[in-house]
Structure formats: structure tokens, C-alpha cells
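# Per-entry structural report
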Amino acid sequence: MWPLILSAFSLGFLGSFHCIGMCGPIALALPVQHLQGVRRLGGILLYNAGRMTTYALLGLVFGWLGRQFYLGGLQQWLSIVLGALLLLMALLRYLPGRRLGMGTYLGQLTAGTRRWLGVLLQRQGFTTLYAIGLLNGLLPCGLVYLGIAGALATVHIYQGGLFMAVFGAGTIPAMAALSASRQFIGLQARNRIKQLIPVVIALMGVLLIIRGMNLGIPYVSPSISPYSTRVMERCHF
């Protein structure tokens, strides 16, 4: 579990710099400028806590879904397929014409969320910041999709939630600094970190594939028998 947790935090931390361009406007528009000192910092952390809550809930849902594959004896194939998809996503960043034209459809699906965000950003209430974070976590984001893939691979409800919560924690330093300073991180620094993101994605993909190969390596690729898994589930439930 720990290698995946480390991957989740690294993915969140490195990806947060890359995603400042998309989520940055929301972070900059947070109604915290009228707050002072500790109260302002608390408001920023409350917003980020909202994002983490949404991520954790998504992790619970997809951890449960991964559990269903696990109980069906398909956990190895699930891990290998997810790993292959992550490797493909990393490689597509270096290929021309890699955009799949999904932005329009995702924009239509999240139109209501964006409208509510617009309304909440106009309010000055302290507790409103948590709701803004909750909705922000529902916006389309490629890195969140990668986190969801990791939650699926945990094949456990609570571990899936923990994985996504740690992923969200990794995004807090950059997003909180942005909200506090109201300045974008330098373009050169963002470009350097952006170059590392495909590497992190590829490493996570390789790890998932190794986990699915049933090599008998503790924590990395544990040996699991589908038959024994089902027997254990019957004994415990």
C-alpha cells in the first residue's frame, strides 16, 4: 500500500503546479481577501479541505468498485489494464494530435457545478469556502482521473478513500500558496515540473502492472490466489 500512497502524494504535489493554470483562477478568486491573519489562512485551508473531502469520497466509491473486481478474481487484470492505460497516457503527451476532443462533453456535464461555483465565489461567508472546495473537486481534471485509477487498484473501499485523500493533500501546498499570494508560480518553474509529471504517471503505471503480475513480492506484487481470496471473503462475511 505504501508505494501507492507515495505515488498518490507525488502525483498530487507535482500535478498541483501543472494544474494551477486550470484551478488557479478559482484559487485566486476565493473570497478570503477581506479576512486577516489566521482567519484568512483558515479560510484557505477550509477550501482545500473541501477538495480533499470530494477526492476522498470519490476514492471510497472507486475503491468499492475495484473491490467488486477483486471479489470476482479479476484484480490482477484490473491492475495490469490500469497500469497500461497510465503508460499510454504518459506516452500520448509526446505524440502529435493527442487531444481526444472530450472537453466539450465534460464541460456540458459539469455546467451546473460551474454555475454554483460562480454563485458561491460571490459570497463572503467563511463556511462558503468549504462548499467551494467540494464543488471544485468535481471539475474535470486529468490528474484526478489518475488518482481514481489508483483508488481502483487498491481494491479496497477505505484504502481507496485514503489514497485519494493523500492525493488531495499533495495538492495543498501549491494551491494554498497561490491563494495566499495571489500570484502564479513562475512559468519556468511550472514547465520544469510539468516535464516530471509524465515520469510520475509512467512510474505509477509500471507499479500497477507489476502488482498485477502476481510475482510474490511483499507490498509491491503480493501473491494472491483468486480462489483463496473468495474463501477468505466468505469466512469474514
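Preceding block: the structure.
All of the points below concern the structure found in this document. For every chain, the first residue of the written sequence is number 1, and numbering continues from 1 onward in sequence order. Two thresholds apply to this predicted model, a pLDDT of at least 70 for residue-level local features and 80 or more for giving and counting side-chain atom pairs, whereas whole-chain, interface and lining totals are computed over all residues. In computing side-chain values, all of the structure's heavy atoms are included and hydrogens and water are not.

## Remarks on the overall build of the chain
Under the convention used in this document: Elements are defined by DSSP. Helices are runs of H or I of four residues or more, strands are runs of E of two residues or more, and each kind is numbered from the N terminus. Exposed residues in this analysis have more than 50% of their type's maximum accessible area, buried residues have under 20%, and partly exposed residues fall in between, with area computed by a 1.4 Å probe over protein chains only. Note on definitions: a residue-residue contact is assigned when non-hydrogen atoms from the two residues lie within 4.5 Å. In short, Shrake-Rupley with a 1.4 Å probe defines the accessible areas, and a residue's cover is counted only from the protein chains shown.
Scanning the chain from terminus to terminus reveals eleven helices and zero strands. Reading the chain from its N end, one meets helices and strands in the order α-α-α-α-α-α-α-α-α-α-α. Residues classed as buried in the chain amount to 42% of the 237 residues present. Once local pairs closer than 6 in sequence are excluded, the contacts in the chain between residues at least 24 apart make up 83%. Roughly 12700 Å² of accessible area belongs to the chain as shown, and the carbon and sulfur atoms make up 70% of that amount.

## Quick look at unusual backbone geometry
Residues other than glycine seldom take positive phi values, yet V155 does so here, at roughly 45 degrees. Tracing the sequence through the fold places V155 in the loop between α8 (142-153) and α9 (157-181). Judged by its relative accessible area of 11%, V155 falls in the buried class.

## Comments concerning a nonpolar patch on the surface
In plain terms, the rule: Patches here: salt-bridge-free residues with over 30% relative accessible area, like charges joined within 9 Å, nonpolar side chains (Val, Leu, Ile, Met, Phe, Trp, Tyr) joined within 5 Å. Salt bridge, as used here, is a side-chain nitrogen of Lys or Arg placed within 4 Å of a carboxyl oxygen of Asp or Glu.
A contiguous nonpolar surface patch, about 530 Å² in accessible area, is contributed by W64, L65, F69, L74 and W77. No other element matches helix α3 (residues 37-71), which puts three residues into the nonpolar patch. Tracing the chain through its elements places W64 in helix α3.

## Notes on the packing of α3 against helix α7 (residues 128-136)
The description of two packed helices rests on the angle between their axes and on the distance between the axes. Applied cut-off: Here the axes come from fitting lines to C-alpha atoms, over the contacting stretch only for helices, and the angles between their N-to-C directions go from 0 to 180 degrees. Throughout, a crossing is termed right-handed when the near helix is turned clockwise from the far one, and left-handed when it is turned anticlockwise from it by less than a right angle.
It is at 7 Å that the axes of α3 and α7 come closest, and there the two elements cross at 35 degrees. The hand of the α3/α7 crossing is right-handed. In this structure, α3 uses G43, L46, Y47, A49, G50, R51, T53 and T54 to contact α7, whose residues at the interface are L129, Y130, I132, G133, L134 and N136.

## As for the environment of L121
Tracing the sequence through the fold places L121 in the loop between α6 (111-120) and α7. Along the backbone, L121 and I26 are 95 residues apart, and their C-alpha atoms lie at a distance of 8.2 Å. Apart from the residues lying within four places of it in its own chain, the contact partners of L121 are I26, A29, L30, P31 and I132.

## Quick look at the packing of α3 against α8
Heads up, the condition is: Working definition: roughly parallel below 35 degrees, roughly antiparallel above 145 degrees, roughly perpendicular at 65 to 115 degrees, and oblique for all remaining angles. Three classes are used, and their members are as follows: Ala, Val, Leu, Ile, Met, Phe, Trp, Tyr, Cys and Pro are nonpolar, Asp, Glu, Lys and Arg are charged, and the others, Gly among them, are polar.
Across the interface, α3 lies against α8 with an axial gap of 7 Å and an inter-helix angle of 45 degrees. With respect to their mutual orientation, α3 and α8 come out oblique. Where α3 crosses over α8, the two elements pack in a sense that is right-handed. Only V144, I148, A151 and L152 of α8 make contact with α3, whose side of the interface consists of Y55, L58, G59, F62, G63, L65 and G66. Among the residues making up the contact of α3 with α8, the classes are represented as eight nonpolar, three polar and no charged.

Read these as spatial facts, not as claims about activity.
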